Each structure stands twice: as structure tokens, then as C-alpha cells.
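Structural overview
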Amino acid sequence: MKGSLAQVWRKVQGCGDWEGLVSPSLHPLLREEIVRYGELVSACYKAFELDSSSSRYLSCKYGKGSMFEEVGMGGSGYDVTRYVYVTAPDIMTSIPSIRPGGRWVGYVAVASDDMTDRLGRRDILVTFRGTVTSQEWVANLMSSLTPARLDPGDPRPEVQVESGFLGLYTSNECGGSRFGLESCREQLLCEISRLLRKYKGEEVSISIAGHSMGSSLAHLLAYDISELGLNHRAPSSTVPVTVFSYGGPRVGNLGFKQRCEELGVKVLRVVNVHDPVTKLPGVFLNENFRVLGNYELPWSCSCYSHVGVEVLLDFLDVKNPSCVHDLDAYISLVRCPREEGIIHEDGVVGNIFERVMSNVVGNFELCRLRRAASGMVDQFLVQSQGAEFLMDNNFLGWMNCLALYMLM
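An unreviewed UniProt entry lists the chain under the name Fungal lipase-type domain-containing protein, from Linum tenue. Check the Sequence similarities (unreviewed entry) section of the UniProt entry for the chain; it says "Belongs to the AB hydrolase superfamily. Lipase family." What UniProt states about the chain under its Catalytic activity (unreviewed entry) heading is, verbatim, "a 1,2-diacyl-3-O-[alpha-D-galactosyl-(1->6)-beta-D-galactosyl]-sn-glycerol + H2O = acyl-3-O-[alpha-D-galactosyl-(1->6)-beta-D-galactosyl]-sn-glycerol + a fatty acid + H(+)".

Put into C-alpha cells, the structure is as follows:
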């Protein structure tokens, strides 16, 4: 592929499913874009307030106009237009250790005029951080599949996604929040619709980037935009929707994957082979366990399945096992694939996983998570007296809790 980014941006954004750009080696332009979007996600971690004594606790430390400058990314080429918050699904609000209210999860931004010239289009960007709060860890434990039903005119019950991720995406705040929050979904669709109208006379792309849990929200948003047709322009033009996923889990079943492909949603998954998060949910029942010989197994429709094209990385630091899921490590290895010792232990993002785990363990102890997973496994053993449990979506939840118990 020859030419500047402005000339070949559609291919870099996934037109052609990155054929020839990922294998046998990453194309330099694609490598630069993976690093750039990863750094834009890292801004979420740098700006997220984890100090419980701060008035901005669990929100962004900075205002929209100064955030990039404050985190050392003043030359990002984007202007933040809206902050995005998630709230707890109803099932979580009864857990005493989960603090009520909204959590800042990311932002919507739009490329400046100068960046638009460099990119070859006006890029609407949405980024999501990964799991930080107890509320979000609980969402990660809710491993049963449920129909997405994001298009009221065509609910498509065969398109199923992980219930915890869907809850974070669609739940709103009922009563007294200082943010007066709509759901994460409502915030995003409103802002993206506004920006598409504002730039309707320009070449536009929608880029959605997320790390860990943020990758699952990115998948859901990309699917939602495309299913509702928000990216359609008359008469037959379509705004491309691309997800850049870093260390992301599976989000939905085979029906979800197939529907994303039908809608033209492009997903580039950057995956460390040693990262356990990328193997959840669906450690036992996934796209690799749907068929036995020529026989499609009865639970195949309820198996989790990854979406998109995979970029494989391979890094492990035995002295710091948490680095396998660290966003800074992901970005570093993409940037310098042959460099040894690329884990920057003193970096802000490099330390975020330890800070996050300290925050989570302090508020929602790891042993309690393990007991919860163990209890669900026990429940599974009691209730699985007939072979029909293999067709039950709750079976997936039990199996994934067993996997989580083993990982802990």
C-alpha cells in the first residue's frame, strides 16, 4: 500500500479488512494509527481521578478544554466535545460496597482542521478506559448472554451480548445524581448524531477505541450506530465505523459477530497472547468449541465469539505479571516490536494497573470476588442435573465464573 495516510485512510480504517496490512508484518501507517489511538485511550487513565478525597473522585480531573494539555497530549489534534459516564445496572445497586453515581469512562472528540487535513477526513473519536471501579468488576462477572435488542424496530433476539457490558452501556441514573445522567448509550448517540449533522458536508469517519472493558463498550457502540443506521448518508454513502480494541474481552455470541460483519463494522483487536482478559468470557465455550467434526454442537448459538481482525503481540514480565494487560505495554510493543525491556515501570499508565487493583481490593476485596465466583460454581453444580442445562445461557455465566475462580 503506497501513499500518505490522507490518501489511503479507508484501508487503514479497515476497508478490505486490513488484508495485507497486518500479515506478515504491520504496515507502518497502520502501526502508527494503532499507537496513536492507543495513546488517545491512555489519556482516559491519566485524567481519571482515583483519589477518594478529591471532589472529582471517579470523574475527570480536568475540563474538556484543557484535558489533552494537562495529560501531556496538547498536540493530539482533537478537541473534546463531551465527557461520557457510566452508571450501575439495577442489579448492582444493592451491593453495599458499590458507590452509587456515575463514573467517567471516556470522551468524545473531533479532529481539528489541521488534523483533518493530515488524516484525509474529519475523524469523530470515542475512547473508553478499562475496568477500574468495583461496579465495573461486577459487570465483568455477569457472564450470561442476553439479547442486545438495541433497535426497537427489529430486536433480533439471535444477536446476544454479555449482560454486564450491556448493563453498563444502557443503564441510566434514576434520581439524585449530581450529573443527572442519561445512560452511556444515550449520551453517545446524542453527541455522535450532533457531530454527524455538523459535519454532514465533509468526509467523516467514526473511530472508537477502548482498552479492556472499554473495548466491550466500543464494540457495543459501533454495533449500535450501525444497526440504527446513524452512519448512513443519502443516497448510498456510509460513514465508516472502526473499533480499535486493546486487550479486549469477547462481547457477544456468533450472532453478534455475524451481524457486525453484515453491517460493515470493522474491528481491529490488538491482543497479547498472555493476556487472560482476552480469553474471557467464554474460556470454555467460545468460537473454537462450536463444532465437533462436521457436527454443530447444541450450545453453539450461545458460544461467545470474538469479532474482527487480530493483531497478536507476545510480551510477559515474570517479575510484574500484571503487565500482560497493561495498555502502556501494548502501545510500547506495537511501537517498537523488536525492542527488549519495553515495560516502562515508572510511567503514569504503566503504574495504573497497580493503582487500580489497589483501589478495587480496598473497596471490593478480591477474596469476596473469589467467594462469589465459587458460589456461582456451586449453584451450577446443584442445578445442572439434566443435559438441558447445556442449552441454558446461564450455563455460560457459571462456566465463566469457574474460569475466573481458577484465574484468581
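With that settled, consider the pattern of salt bridges. In the structure shown here, the tally under the stated rule is 16 salt bridges. Notably, a salt bridge pairs E39 with R335, separated by 2.3 Å at the nearest N-O pair. With E39 in helix 2 (residues 28-47) and R335 in helix 10 (residues 327-335), this pair connects stretches of sequence that are 296 residues apart. R335 sits in the partly exposed class, given a relative accessible area of 40%.

A separate point is the packing of aromatic side chains. Across all of its chains, the model carries six aromatic pairs by this definition. With a centroid separation of 6.3 Å and 25 degrees between ring planes, the pair formed by F48 and W104 is classed as stacked. Note that F48 is positioned in the loop between helix 2 and helix 3 (67-70) and W104 in strand 2 (residues 103-111), a separation of 56 residues in sequence. Residue F48 is classed as buried on the basis of its relative accessible area, which comes to 2%. An aromatic cluster of at least three residues, connected via ring pairs, comprises F48, Y83 and W104. Against the face of Y37 rests R36, its NZ or CZ located 4.5 Å from the ring centre. Positioned over the ring face of F48 is R129, at 4.2 Å from the centre of the ring.

Below, the discussion takes up the environment of Y169. Mapped onto the elements, Y169 comes out in helix 6 (residues 163-170). By relative accessible area, which is 0% here, Y169 ends up buried. Separated by 17 residues in sequence, Y169 and E186 have C-alpha atoms that sit 8.9 Å apart. Those residues in contact with Y169 that sit more than four places away from it in its chain are L150, S183, C184, R185, L188, L189, L217, L220, L221 and D224.

All right, on to the sheet that holds strand 1 (residues 78-86) then. The seven strands are arranged 1-2-3-6-9-11-15 in an open sheet whose pairing can be described as mixed. A single partner strand is all that each edge strand has here, and the edge strands are strand 1 and strand 15 (309-313). Direction aside, the axes of adjacent strands within the sheet are offset by 15 degrees on average. For strand 9 (residues 241-246) and strand 11 (residues 266-272), the ladder comprises five bridges, and the chain directions are parallel. The residue bridging F244 from the neighbouring strand is L268, located in strand 11. Contacts between helix 8 (residues 213-228) and the sheet are confined to strand 1, strand 2, strand 3 (122-128), strand 6 (204-211), strand 9 and strand 11, with strand 6 contributing the most and set at about 150 degrees to the helix.

To continue, consider the pairing of strand 2. The buried count for strand 2 comes to nine of nine residues, which makes it a mostly enclosed element. Note that strand 1 and strand 2 share eight bridges and pair antiparallel. Following the sheet pairing, V86 is matched in strand 2 by R103. Strand direction decides the pairing type here: strand 2 and strand 3, joined by five bridges, are antiparallel. What sits directly across from A109, in strand 3, is L125.

The next thing to look at is the environment of D114. Position of D114 among the secondary structure elements: in helix 4 (residues 113-119). Residues D114 and G77 lie 37 residues apart in sequence; the distance between their C-alpha atoms is 7.2 Å.

Structurally, S245 is set in strand 9. Residue classification places S245 among the buried residues on the basis of a relative accessible area of 2%. Not counting chain neighbours up to four residues away, the residues in contact with S245 comprise G210, S215, H219, L268, R269 and V270.

This part covers the packing of helix 8 against helix 9 (residues 254-263). Between two packed helices, the angle of one axis relative to the other and the distance separating the axes together describe the packing. The N-to-C vectors of helix 8 and helix 9 enclose an angle of 55 degrees; their axes lie 10 Å apart at closest approach. As summarised for this structure, helix 8 and helix 9 are arranged oblique, according to the angle between their axes. The chirality of how helix 8 crosses helix 9 is left-handed. Taken together, the residues of helix 9 that come into contact with helix 8 (itself represented by H219, Y223, S226 and E227) are F256, R259, C260 and L263. A class-by-class count of the residues in the contact of helix 8 with helix 9 yields four nonpolar, two polar and two charged.

About the criteria used
- Residues numbered from 1 in each chain as written.
- Predicted model: local features only at pLDDT ≥ 70, side-chain atom pairs only at ≥ 80, totals over all residues.
- Heavy atoms only, no water.
- UniProt positions renumbered as here; feature names shortened; annotations may be inferred.
- Salt bridge = Lys/Arg side-chain N within 4 Å of Asp/Glu carboxyl O.
- Helix = DSSP H or I, 4+ residues; strand = E, 2+ residues; numbered from the N terminus.
- Buried < 20%, exposed > 50% of the residue type's maximum accessible area, 1.4 Å probe, protein only.
- Phe/Tyr/Trp six-rings, centres within 6.5 Å; stacked < 30°, edge-to-face > 60°.
- Lys NZ or Arg CZ within 6 Å of the ring centre and 35° of its normal.
- Contact = heavy atoms within 4.5 Å.
- Pairing = 2+ DSSP bridges.
- Axes fitted to C-alpha atoms, helices over the stretch in contact; angles between N-to-C directions.
- Parallel < 35°, antiparallel > 145°, perpendicular 65-115°, else oblique.
- Left-handed = near helix turned anticlockwise from the far one by under 90°.
- Nonpolar A, V, L, I, M, F, W, Y, C, P; charged D, E, K, R; others polar.

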